[in-house]
Amino acid sequence: MNVDALSDHLSKYVVDILKKRGIERLYPPQEEAVRKGLFSNKNLVVAIPTASGKTLIAELAMIYEVIRGGKCLYTVPLRALAGEKFEEFSKWEEIGVKIGISTGDYESRDEWLGECDIVVTTSEKADSLLRNEASWLRNLSLLVVDEIHLIDSAKRGATLEVLIAKLKKLNPNLRIIALSATIPNADEIAEWLNAELIKSEWRPTPLYEYVFYPGRLLKFENGFLREVKAESSIERLIVRTLEEGGQVLVFESTRRNAESYAVKISGYTKEFVEDNSDVAEKVLEENEGEMSRKLSECVKLGSAFHHAGLLNSQRVAIEKAFREGRIKVLVATPTLAAGVNLPARRVILKSYRRYDSGAYAPIMVSEYKQMAGRAGRPGLDEYGEAIIVTKTRDEALKVAERYLAGEPEKVISKLGSETHLRFHTLSLISEGIASSFEDLLDFYSTTFFAYQNEFTLEWEIRRIVLQLEKWGMIVEYAPTSFGKLVSKLYIDPLSGFIFKEELSKFDELSDLAMLHLICRTPDMELLSIRKADGWIENELENLREELTYYPSIYSAEYDFFLREFKTALCLYDWINERDEDIICEKYGIAPGDLRRIVETAEWLMHSLRRIAEHLSHNLASKALKLEMRLKYGVKEELLDLVKLKNVGRKRARKLYNAGIRNLEDLIQNRKIAEKLIGSRIVEKILS
Ligand code: ADP
């Protein structure tokens, strides 16, 4: 179908924009979407491979909606993706469509988004906006859910299905368009949403799949394996791709393996690279620690590694350079497959295992399909190739049967767990969506969980209601002010209860005890204990007096407690201005991990502060200071300085030590400041 045909439903201007983007004809699945009611009020579930044009289907539906005077919400699973989509959609501003993005702090309403026609957000943020009564979410006419197959995610899937059910309830005429990877039970999702299903294996570039074992490459075709050629090594496979002008994406099981393979392969990529020095510099802009230096060296030579320990700015720089073809080989851990969209001619799974919670486990078939789906850059490569590396012929055959011939796993609702039900039940009562037991059952009966399961959650919900009552969060299916606050803060009710209990026991707490308190909540991501962490117990001996809680060394909780204590110590070092690289080395983490932990801690300290304020507890002001100190990573005396734009913890310390303690001092001692941190920076701060 030629895009000119769309001008009946959209307008000539819209078609012109598509053409400007190089889109002349619709892909077959897109055409099918049009046939099945893209330009109508019908709900759609689109389950097609990566890069086969899902986003465009959603864009066309949204523009159609906006032209009709409607308002759209587009939800994504990751913050990084929200930014990507926002940028993509901003192209429509040319025809007057207003695009907004909301990924910031919880406990805000972002009412200005009411002005936007299309808002991009993560599902958690959308849920938190609902809890904070953002009025514009009650005027939605179209909801687009990207990556709906993530309903299967143990951690985040429940929020996704509850969000959909809530928005449907609040906007009875809401149209839903759900985008999914190819999953075997897409029909279930479609039936749940009362939607037309568009399911296809069509790809803009064909995908060829292989298994490798030393000396041999086997191609999978029409259900059979065929020996194609003798191949001496993976490195040969990679170099051959580079010689033909392609790029390679390699998946490794652990961060350490990803890093060392990126280093190894840089010896080969260096022949193919021009000048990457600007990217290499960018990688060192925020941090110059060991990991960052290693990454920067790799980038110079045309390779890179990608894992959750990278800083955000590093990740963005690497992804951009890879898209531009300047990084030839990217070695990633499996987390990448679920996130950003980075196609390459060849995808090589050096390992089909992943390392998680202390153990190796084979990846799921669906994960393999996601990874393999990245092979073949549309418009650049004639085809894509995915290769799984094994050690022996036997292993190769087994792997081929499991991954190449196998179907991805079904998507299964994870809403049934107590933690998720507790979290969402409080929000349903707080938002007034449910004000009786029947209301709760009614609501849960509209979820994907209820669609998939014969039994209801009656018994579990009764128990959770009793618990929330005991914790003082609800009374007879109405929220208390405390319950409402906990729901708006977007923390687990158990965290709220732990905070309240602890505040009721103590008038004063040390900095370390406050940090330990937030580490004792289920919302905190805890560091793990390594073999080399014997020093933690020595530290515990010295600091025991400061803590309000420590279990006996013989108790079952002791190991867990050590992790809490280690995490609290890490945060303590951070707010006492220990150097970032030293912290990373001491605790065995990467800069990206530190930032993530600190961000979560800031949100929990904010919650503790708000609860302390609610209880008129005198620790509220201390919690506020700690919240700020976590945000900036400084001692209290630097708070006035770090609040200034362009002043981070290092610059603030330099200024403070020279007697400059706030903006006034800075203006009066401009010359000294310029000597310390450079005249350009001072100019920026003052302007
Ligand atoms: P998905 O969301 O399915 O992973 P995208 O929608 O991001 O895939 O599409 C991948 C790429 O293909 C994008 O660069 C997009 O602009 C392009 N594209 C989509 N539809 C068409 C089309 N009909 N013709 C040409 N390019 C297209």
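A short tour of the structure in this document, coming up. Along each chain, numbering runs from 1 in the same order as the chain's sequence is written. Local features in a predicted model are, by the rule used here, given only for residues with pLDDT of at least 70; side-chain atom pairs are given and counted only at 80 or more, and totals for whole chains, interfaces and linings are based on all residues. Excluding hydrogens and water, the side-chain values take into account all heavy atoms of the structure.

With that settled, consider the site of the ligand. Here a residue counts as near a molecule or strand whenever at least one of its heavy atoms sits within 4 Å of it. Taken together, 14 residues lie around the ligand, and Arg25, Gln30, Ala51, Lys54 and Thr55 are the ones closest in. A distance of 3.1 Å separates a nitrogen atom of the ligand from a polar atom in the side chain of Tyr27. All accessible-area figures derive from a Shrake-Rupley calculation using a 1.4 Å probe, and residue coverage is judged against the displayed protein chains alone. Contact with the protein chains covers 76% of the free accessible surface of the ligand, which is 560 Å². Secondary structure is summarised from DSSP: a helix means a run of H or I of at least four residues, a strand means a run of E of at least two, and numbering begins at the N terminus for each. For the shell around the ligand, the leading source of residues is helix H3 (residues 54-67), giving 3 residues. Note on residue categories: nonpolar means Ala, Val, Leu, Ile, Met, Phe, Trp, Tyr, Cys or Pro, charged means Asp, Glu, Lys or Arg, and polar means any other residue, Gly included. Within the shell around the ligand, the residues separate by chemical class into 6 nonpolar, 6 polar and 2 charged. Two N or O atoms form a polar contact when they lie within 3.5 Å of each other; inside protein one atom must be a possible hydrogen donor and the other a possible acceptor, and for residues adjacent in sequence the pair counts only when both atoms belong to side chains.

In terms of nonpolar packing, the biggest core is built from 75 residues, with Leu440, Ile518, Phe565, Leu571, Met605 and Ile611 touching the most fellow members. Ile518 has contacts with Phe499, Met524, Leu571, Ala601, Leu604, Met605 and Leu608, leaving out every residue within four places of it along the chain. Here, the term nonpolar core denotes a set of buried Ala, Val, Leu, Ile, Met, Phe, Trp, Tyr and Cys residues that are joined through side-chain atoms within 4.5 Å. Buried residues are those whose accessible area, probed at 1.4 Å on protein chains only, stays under 20% of the maximum for their type, while exposed residues exceed 50% and partly exposed ones sit between those limits. Among the nonpolar cores identified, the runner-up in size contains 62 residues, and Leu218, Cys298, Ala386 and Tyr403 belong to it. What makes two residues a contact is simply this: any of their non-hydrogen atoms within 4.5 Å.

Okay, the packing of aromatic side chains next. Geometry of an aromatic ring pair is reported as the spacing of the ring centres plus the angle between the planes. Any two rings among Phe, Tyr and Trp, with Trp reduced to its six-membered ring, count as a pair given centres within 6.5 Å; such a pair is stacked if its planes are under 30 degrees apart, edge-to-face if over 60, and tilted if neither. Counting across every chain of the model gives 16 aromatic pairs. An angle of 70 degrees between the planes, with centres 5.3 Å apart, marks the rings of Phe39 and Tyr64 as edge-to-face. In this pair, Phe39 sits in the loop between helix H2 (28-35) and strand S1 (43-47) while Tyr64 sits in helix H3, placing the two residues 25 residues apart along the sequence. Ring centres of Phe561 and Phe565 lie 6.2 Å apart, and the angle between their planes is 15 degrees; on these two criteria the pair is classed as stacked. With Phe561 and Phe565 both in helix H24 (residues 558-575) and 4 residues apart, this pair spans about one turn of that helix. Here the two residues Phe561 and Phe565 agree in accessibility, since each one is buried.

The next thing to look at is the sheet that holds strand S12 (residues 303-306). Remark on secondary structure: sheet strands pair via backbone hydrogen bonds, oriented parallel or antiparallel. Here a strand pair is declared whenever DSSP counts at least two bridges between the two strands. Spatially, the 8 strands line up as an open sheet ordered S10-S9-S8-S17-S14-S11-S13-S12, and their pairing is mixed. Whereas interior strands pair on both sides, the edge strands pair on one side only; in this sheet they are strand S10 (224-231) and S12. Neighbour-to-neighbour, the strand axes of the sheet open up by a mean angle of 20 degrees, direction not taken into account. Where strand S9 (residues 215-221) lies against S10, 7 bridges are found, and the strand directions are antiparallel. Lines fitted to the C-alpha atoms define the axes, with helices restricted to the stretch that makes contact. Angles between their N-to-C directions range from 0 to 180 degrees.

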